[in-house]
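Understanding the architecture of this molecule
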Amino acid sequence: MVGAIIKSYYAEKHNIDRSKICVVSIMPCIAKKYEKERPDNQVDGIVDVDVVLTTRELAKLIRRAGITWKKLPNEDFDHDLIGEYSGAGVIFGVTGGVMEAAIRTAYHILTGDELEPVEFTPIRGFKGIKDAELEINHQKYKICVASGMKNAKVLLEQIKKGESPYDFIEIMGCPGGCINGGGQPYVKELFLPNEDDDILNTYMQKRAQVLYDKDRFKAVRRSHLNKDIITLYNDYLHEPGSEIAHKLLHTKYNSHRERYPNPHEEGFYNDEK
């Protein structure tokens, strides 16, 4: 989505030929290397994202360049596009985070008030399938969160059979969510001599806690209160689901996975070389 916005809103705002912009995305997910090639992730023949590096690849490049992270000077984000982020955006990386962020905004849209407390804890944790009930305006909604493909299959089979009781479902492919993505740094005891002895059992909890802590200490914790997002919609997208928003931000899938590019081709997963 950011790539699509950079090559539209940002390009127009700065009078830049969008075909000359190169967007590099750093991702915890190896599948993003395939997704960037999907025809549906292009606008008028120009891809939204040009290059995808996994977090593991970025770490290798940082080490190779001899960069000492702690010695880098602090700098602020750029503030001419979407440099600001909300706590809701941070928790996207953990299972249940997308659902929780959506609930914070959906509650506001439906009631005009803000959800308090802002945390919706029933869908936190690393159980494969978690469900909960949320009441908004005297209407009860059944919601469900799953991570890991074997758990996704359970929910998908329910939907296919017409037996799903849920109004809102979140599914993440990797157990625990993006914090445990295939492109993330490996967690092995011999690689982490300064970690606790239980690191193999607790690394997901520790990664998740970092995200929850960042959310807790952010001044803005709801997506709809992010000033950059408000400006983006006021100036360009106008409203959720508008024609331009649909063109830039929406995608679709079919039952037959696209055959190009082939993820089994040699060199497709560059970070494994």
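Residues numbered from 1 in each chain as written. Predicted model: local features only at pLDDT ≥ 70, side-chain atom pairs only at ≥ 80, totals over all residues. Heavy atoms only, no water.

Glancing now at the sheet that holds strand β5 (residues 129-136). Strand order across the open sheet formed by 3 strands is β5-β6-β7, with mixed pairing between neighbours. Each edge of the open sheet is held by one strand with a lone partner, namely β5 and β7 (168-172). Pairs of neighbouring strands in the sheet enclose a mean axial angle of 15 degrees, with direction left out of account. The sheet contact formed by strand β6 (residues 139-147) and β7 spans 5 bridges and is parallel. Residue pairing in the sheet places Val145 in a bridge with Glu170 of β7. Each of β5, β6 and β7 is contacted by helix α5 (residues 97-111), which is oriented at about 155 degrees to β7, the strand it contacts most. (Pairing = 2+ DSSP bridges. Helix = DSSP H or I, 4+ residues; strand = E, 2+ residues; numbered from the N terminus. Axes fitted to C-alpha atoms, helices over the stretch in contact; angles between N-to-C directions. Contact = heavy atoms within 4.5 Å.)

Looking now at the nonpolar core. Residues Ile5, Tyr9, Leu232, Tyr236, Leu237 and Leu248 are the most contacted members of the largest nonpolar core, which totals 17 residues. Going through the elements one at a time, α1 (2-13), α8 (227-237) and α9 (243-249) are the ones with two or more residues in this core. Per element, the largest residue contribution to this core is 5 residues, and it comes from α1. When near neighbours in sequence (up to four residues on either side) are disregarded, Leu248 contacts Ala4, Ile5, Ser8, Val43, Tyr236 and Leu237. (Core = buried A, V, L, I, M, F, W, Y, C linked by side-chain atoms within 4.5 Å. Buried < 20%, exposed > 50% of the residue type's maximum accessible area, 1.4 Å probe, protein only.)

Taken as a whole and judged by the stated rule, the model has 1 aromatic pair. Centroid distance Tyr9 to Tyr236: 5.4 Å. Interplanar angle 45 degrees. Geometry classified as tilted. Pair noted here: Tyr9 is in helix α1 and Tyr236 is in helix α8, with a separation of 227 residues, a long-range link. The pair Tyr9 / Tyr236 is uniform in exposure class, with both members buried. (Phe/Tyr/Trp six-rings, centres within 6.5 Å; stacked < 30°, edge-to-face > 60°.)

Enumeration over the complete set of coordinates arrives at 20 salt bridges. A salt bridge links Glu119 to Arg221; the shortest N-O distance between them is 2.8 Å. Residue Glu119 is located in the loop between α5 and β5, and its partner Arg221 is located in the loop between α7 (199-217) and α8; the two are separated by 102 residues in the primary sequence. Exposure remark for Glu119: the relative accessible area of 24% places this residue in the partly exposed category. (Salt bridge = Lys/Arg side-chain N within 4 Å of Asp/Glu carboxyl O.)

Further remarks concern unusual backbone geometry. Outside of glycine, negative phi angles account for most residues, and trans bonds account for most peptide bonds. A cis geometry characterises the amide bond from Glu116 onward to Pro117, with omega recorded as -5 degrees. Relative to the helices and strands, Pro117 resides in the loop between α5 and β5. One non-glycine residue with positive phi stands out, namely Asn15, at about 55 degrees. Structurally, Asn15 can be placed in the loop between α1 and β1 (24-27).

On to a nonpolar patch on the surface. A contiguous nonpolar patch, built from Val24, Ile26, Val51 and Leu58 and spanning about 270 Å² of accessible area, is present on the exposed surface. By secondary structure assignment, the location of Ile26 is in strand β1. (Patch = residues over 30% accessible without salt bridge, like charges linked within 9 Å, V, L, I, M, F, W, Y side chains within 5 Å. Areas by Shrake-Rupley, 256 points an atom, 1.4 Å probe, with all protein chains shown as cover.)

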